[in-house]
Amino acid sequence: MTDIPRLTPGSGLTDYPPPDRWDDWEEYDARAWPEKVKHEYRLVPTTCFNCESACGLLAYVDKESGEIRKFEGNPAHPGSRGRNCAKGPATINQVYDPERILYPMKRVGERGSGQWERVTWEAALTDIGSRMGTAIREGRNNEIMYHVGRPGEDGFMDRTLKAWGVDGHNSHTNICSSGARTGYAMWMGHDRPSADFANARFILLLSSHLETGHYFNPHAQRIIEAKRAGAKLATVDPRLSNTASMSDYWLSPWPGTEPALLLAIARQLLEWDAVDHGFMRSWVNWEESLRLRYPDRPVTYESWIEAMKDEYKNYTVEFAAEETGVDAHRIMAVATGIADAGSRFASHTWRGANSGNLGGWQTARCLW
Ligand code: SF4
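Notes on the structure follow. (Residues numbered from 1 in each chain as written. Predicted model: local features only at pLDDT ≥ 70, side-chain atom pairs only at ≥ 80, totals over all residues. Heavy atoms only, no water.)

## Considerations on helix α7 (residues 258-271)
Count 3.6 residues to each turn of an α-helix, and residues three or four apart come out pointing the same way. Look at α7: 20 Å from first C-alpha to last across 14 residues, which is about the 20 Å you get at 1.5 Å a residue. Phi for D273, located one or two positions after α7, is positive at around 55°. (Helix = DSSP H or I, 4+ residues; strand = E, 2+ residues; numbered from the N terminus. Expected span 1.5 Å × (residues − 1).)

## Here we look at the side chain of S247
Looking at the element boundaries, S247 is found in the loop between α6 (242-245) and β11 (249-251). For S247, a relative accessible area of 14% translates into the label buried. In terms of polar contacts, S247 uses its side chain to reach the side chain of T235, at 2.6 Å. S247 has contacts with L233 and T235, leaving out every residue within four places of it along the chain. (Buried < 20%, exposed > 50% of the residue type's maximum accessible area, 1.4 Å probe, protein only. Polar contact = N/O pair within 3.5 Å; in protein donor to acceptor, adjacent residues only side chain to side chain. Contact = heavy atoms within 4.5 Å.)

## Quick notes on the packing of α7 against helix α12 (residues 328-341)
The geometry of a pair of packed helices is captured by two quantities: the angle between their axes and the separation between those axes. For the pair α7 and α12, the least separation of the axes is 10 Å and the interaxial angle reads 55°. It follows that α7 is oblique to α12 by the angle criterion. Crossing hand, α7 versus α12: right-handed. Contact with α7, carried on its side by L261, I265, Q268 and L269, involves I331, M332, V334, A335, I338 and A339 of α12 and no other residues of that element. When its residues are assigned to classes, the contact of α7 with α12 shows nine nonpolar, one polar and no charged. (Axes fitted to C-alpha atoms, helices over the stretch in contact; angles between N-to-C directions. Parallel < 35°, antiparallel > 145°, perpendicular 65-115°, else oblique. Left-handed = near helix turned anticlockwise from the far one by under 90°. Nonpolar A, V, L, I, M, F, W, Y, C, P; charged D, E, K, R; others polar.)

## A short note on the sheet that holds strand β3 (residues 56-62)
Taken in spatial order, the four strands of this open sheet run β1-β2-β3-β4, and their pairing is antiparallel. The open sheet is flanked by β1 (25-28) and β4 (68-73), the only strands paired with a single partner. Neighbour-to-neighbour, the strand axes of this sheet turn through a mean angle of 40°, independent of strand direction. Taken together, the seven bridges between strand β2 (residues 38-47) and β3 define a ladder with antiparallel strand orientation. The partner of P45 across the bridge, within β3, is L58. (Pairing = 2+ DSSP bridges.)

If you want it as structure tokens, here you go:
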């Protein structure tokens, strides 16, 4: 049973309806005040999908009408823990949007004329499927285009499209997180990492901010927890965002120069030997890297570390300061904070720095 937070310690008032009463929940209608109009609800756990955080929601289903009256946070959800951004409760607008498409519609007039007729699912799937099948059989695979607003099926659709020999996959991600995902995926094998922010001592954010909601909401809660426990927060953003204004360090580089900051920090960490060698030995392809890039050097971990020092030697803090416009002392302070945090360093980069500049994906690569 979820332990629901109390409004004040020891009080009977809870922030959320206790789960053992979700089947029989009563509330008075605030809009009927001063009359006391009671509503009986069944609270049904569901998920918000207005972004990939997939926070938990509770649908308040009116027992009398069977209609959803509102959505609130689900305190039993392990990620969001009852907290949502404004888009979560606003899901009610989607449910009852008068323009919501509830069944397949087929165009019957000229394109653009706005004339549609309702068809069955079977008719729609047969029509669309047979056209796609014909295109694939005739070798016109690239006449098929798949567009999805928010890809949340964790790669299933990509595998399906590949199996069909179709290359046309598009989503809003192409102008949002794809740059960061590319850097992450190529350098760490996973395109959407989730660091242990709650237990961090030092947190570095690059264009990935608490106030912008998105899938960052569950992260934001944990970053605030870490901050309350004494963690330092550094934000890299050309603009003084809300998160930057609340951070211990704000680094405002020229847009597109973020990788220089990260390379300089990495160089410092190597110089100070503030490196988790156990992790590097186990999880980095250092042998492969040595053989390909330094075939004349012995294939030992120590030799690879020396090679890395050579590779990074030009990325001094002074170089980064010149390149980015950020004060060298500030870069050094952040590097020191990261070194002192050891394995309790957490970071994230998303959107802006990675998607707003040519080659921006290198930011995620350099961070990793
Ligand atoms: S962060 Fe907001 S939009 Fe995203 S899933 Fe959570 S409540 Fe929904």
